[in-house]
Amino acid sequence: MDSNVEGDEVVFQKHAKYFKRFLNILPERLASHDSTRVTIAFFAVSGLDVLNSLDLLSDTFQQDIINWIYKLQVVPKPGERAYGGIQGSSTFDVVGTPENCGLKLFRWGHLAITYTGIAILVALGDDLSRLNRKAIVEGVAAVQRDDGSFSATIEGSEHDMRFVYCAAAICAMMNDWGRVDRKKMADYILKSIRYDYGISQHYEMESHGGTTFCAIAALQLSGQLHLLTPETREKIIRWLVFRQQDGFQGRPNKPVDTCYSFWIAATLKILNAFELTNYRDNRDYVLSTQDATIGGFSKWPHAYTDPFHTYFGLCGLSFLGEPGLQEVVPSLNISMRAYRRLQELQRNWSLQEDGLASANGEVTVHIE
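Residues numbered from 1 in each chain as written. Predicted model: local features only at pLDDT ≥ 70, side-chain atom pairs only at ≥ 80, totals over all residues. Heavy atoms only, no water.

## Notes on the overall build of the protein
Now for step 1: Across its full length, the protein carries 13 helices and eight strands.
Now for step 2: Considering only C-alpha atoms, the protein reaches an extent of 60 × 50 × 40 Å along its principal axes.
Now for step 3: Sequence-distant contacts, at least 24 apart, represent 68% of the contacts inside the protein between residues at least 6 apart.
Now for step 4: In the form shown here, the protein has an accessible surface area of approximately 17,100 Å², with 51% of it arising from carbon and sulfur atoms. (Helix = DSSP H or I, 4+ residues; strand = E, 2+ residues; numbered from the N terminus. Contact = heavy atoms within 4.5 Å. Areas by Shrake-Rupley, 256 points an atom, 1.4 Å probe, with all protein chains shown as cover.)

As structure tokens, then:
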């Protein structure tokens, strides 16, 4: 179903200029987010992609962004710990820093940054040839915990459903699960389903719309969505549908928030139940948070806009079939155009790997 309902218009050009500004300079209020600058770039680049406006970035600028992501790639040396991945900013790459400087000890991949960094490369049409896929997947496996969850980094950090999703998205994009234990991951997810059939961030915590998305998307990306019984699936759908007031809330008795027009809607899309929601009310709420003067969306009407809510607001409108927006793939949170490009790369990798196996006298078996 398309939204195609009368109401406020989406100011496409202003949103595109809004994202472009964030790729040039960050406002002072976001200065504390320097260590996660890649994530901000993800919202801006992917937002431009969904808006069909990547052409606002010159070829040189797009290549600069690609080169910047590769500069942040961390590849362990032989014999070192498996800390491969992408780091959040160049904080620990000060020009001229000696090899024996203590800063070097703090360079390691971060799951959320690795996921968003790869997504940026795919959105910009890079061939991913400079990614060390093996090091990245080994880095994912190295941060999996005994309970099946994942830590953000090799040094521990938080471990919960957010990083379960990031791990699943990275492996799905790299088309390689390596030593990641998918069964343990699924067990962790199933044990986090709460009494009301929302899914929590970690055991015994409150059901949450964002982590319900992370859990369901991770099951789909790992080919394990079938582990949900029909009864459980229906009850999860019920919990999700009840999150709609006009827009969507993330938890019972909380105010609605623009970003849940992605988190809740994307989960319902994966479960083939999005049609159970009220499209008009959803669209009206998202557009009530739009700044029609300078662009951007906020979490609530009349609040400050930010790239996070602007991107997810546009994704929510895309799910409604808003004319002029690219289709978004719910589970990977990238545009359909980027997804098709990724599929082509994965096909090429498979052909190369099959050719290498044949050259070595190995027999490759394909399971349909």
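## As for the pattern of salt bridges
Now for step 1: Summed over the entire model, instances satisfying the criterion amount to 13 salt bridges.
Now for step 2: Here Asp-187 makes a salt bridge to Lys-183, at a shortest N to O gap of 3.4 Å. Of this pair, Asp-187 and Lys-183 both sit in helix α7 (residues 182–191), four residues apart, which is roughly one turn of that helix.
Now for step 3: Of the residues examined, Asp-187 reaches a relative accessible area of 29% and is grouped as partly exposed.
Now for step 4: With relative accessibility at 57%, the residue Lys-183 sits in the exposed group. (Salt bridge = Lys/Arg side-chain N within 4 Å of Asp/Glu carboxyl O. Buried < 20%, exposed > 50% of the residue type's maximum accessible area, 1.4 Å probe, protein only.)

## Some thoughts on the environment of Arg-29
Now for step 1: Here Arg-29 lies in the loop between α1 (12–24) and α2 (37–50).
Now for step 2: What makes Arg-29 partly exposed here is its relative accessible area of 46%.
Now for step 3: For the pair Arg-29 and Gly-109, spaced 80 residues apart in the sequence, the C-alpha separation amounts to 26 Å.

## With respect to the environment of Cys-171
Now for step 1: With respect to the secondary-structure elements, Cys-171 resides in helix α6 (residues 161–174).
Now for step 2: Judged by its relative accessible area of 0%, Cys-171 falls in the buried class.
Now for step 3: Between the C-alpha atoms of Cys-171 and Val-137, which are 34 residues apart in sequence, the distance is 6.5 Å.
Now for step 4: With near-sequence residues (within four places) excluded, Cys-171 lies in contact with Val-140, Asp-176, Trp-177 and Val-180.

## Focus: the side chain of Arg-133
Now for step 1: On the secondary structure map, Arg-133 appears in helix α5 (residues 133–142).
Now for step 2: Setting aside anything within four residues of it in sequence, one finds Arg-133 in contact with Met-174, Trp-349 and Glu-353.

## Examining helix α4 (residues 111–123)
Now for step 1: Counted at 1.5 Å a residue, the expected span for α4 with its 13 residues is 18 Å, and the 18 Å between its end C-alpha atoms agrees.
Now for step 2: Counting buried residues along α4, 13 of its 13 residues qualify, which places the element largely inside the surrounding structure. (Expected span 1.5 Å × (residues − 1).)

## Concerning the packing of aromatic side chains
Where two aromatic rings form a pair, the distance of their centres and the angle of their planes describe that pair.
Now for step 1: Inspection of the entire model under this criterion finds 21 aromatic pairs.
Now for step 2: On the basis of an interplanar angle of 70° and a centroid distance of 6.2 Å, the ring pair of Tyr-18 and Phe-19 is categorised as edge-to-face.
Now for step 3: Ring centres 5.4 Å apart and planes at 85° place the aromatic pair Phe-43 and Phe-308 in the edge-to-face group. A residue pair is termed long-range when its members are at least 10 positions apart, and Phe-43 in helix α2 and Phe-308 in helix α12 (residues 307–319) qualify at 265 residues.
Now for step 4: Classification of Phe-43 by relative accessible area gives buried; the value is 10%.
Now for step 5: Over the ring of Trp-349 we find Arg-133, and its NZ or CZ is 3.9 Å from the ring centre.
Now for step 6: A cation sits over an aromatic face here: Lys-299 above Trp-300, 4.6 Å from the ring centre. (Phe/Tyr/Trp six-rings, centres within 6.5 Å; stacked < 30°, edge-to-face > 60°. Lys NZ or Arg CZ within 6 Å of the ring centre and 35° of its normal.)

## Some words on the side chain of Gln-290
Now for step 1: Examined against the element boundaries, Gln-290 turns out to sit in the loop between α11 (279–288) and β5 (297–298).
Now for step 2: In this structure Gln-290 comes out as buried when scored by relative accessible area, which is 13%.
Now for step 3: Polar side-chain contacts of Gln-290 include one of 3.0 Å to the backbone nitrogen of Val-11.
Now for step 4: A polar side-chain atom of Gln-290 sits 2.7 Å from a polar atom in the side chain of His-15. (Polar contact = N/O pair within 3.5 Å; in protein donor to acceptor, adjacent residues only side chain to side chain.)

## Quick notes on the nonpolar core
Now for step 1: Formed by 112 residues in total, the largest nonpolar core has its most connected members in Leu-111, Ile-118, Ile-120, Leu-128, Phe-150, Met-174 and Phe-213.
Now for step 2: When residues of this core are assigned to their parent elements, the largest contribution, 13 residues, is made by α6.
Now for step 3: In contact with Ile-120, not counting residues within four places along its chain, are Val-38, Ala-41, Phe-42, Val-45, Ile-65 and Ile-69. (Core = buried A, V, L, I, M, F, W, Y, C linked by side-chain atoms within 4.5 Å.)

## A short note on unusual backbone geometry
Now for step 1: The backbone phi angle of Leu-128 is positive, close to 60°, even though this residue is not glycine.
Now for step 2: Relative to the helices and strands, Leu-128 is located in the loop between α4 and α5.
Now for step 3: Judged by its relative accessible area of 2%, Leu-128 falls in the buried class.
Now for step 4: Positive phi values are uncommon outside glycine, yet Asn-253 reaches one of about 65°.
Now for step 5: Among the structural elements, Asn-253 can be located in the loop between α9 (230–241) and α10 (260–270).

## Overview of helix α3 (residues 59–71)
Now for step 1: Over its 13 residues, α3 extends 18 Å from the first C-alpha to the last, a length consistent with the 18 Å expected when each residue adds 1.5 Å.
Now for step 2: When α3 is considered as a whole, its buried residues turn out to be Gln-62, Ile-65, Ile-66, Ile-69 and Tyr-70. Summarising the axial view, the buried residues of α3 lie within an arc of 140°, below the 170-degree limit, and thus occupy one face.
Now for step 3: Residues of α3 that are buried sit in contact with α1, α2, β1 (73–74), β2 (85–86) and α4. (Arc of directions from axis to C-beta.)

## Examining the pairing of strand β4 (residues 156–159)
Now for step 1: Pairing geometry for strand β3 (residues 151–153) and β4, over two bridges, is antiparallel. Each residue of the ladder has a partner; that of Ser-151, found in β4, is His-159.
Now for step 2: What sits between the antiparallel neighbours β3 and β4 is a turn of two residues. (Pairing = 2+ DSSP bridges.)

Read these as geometric descriptors, not functional statements.
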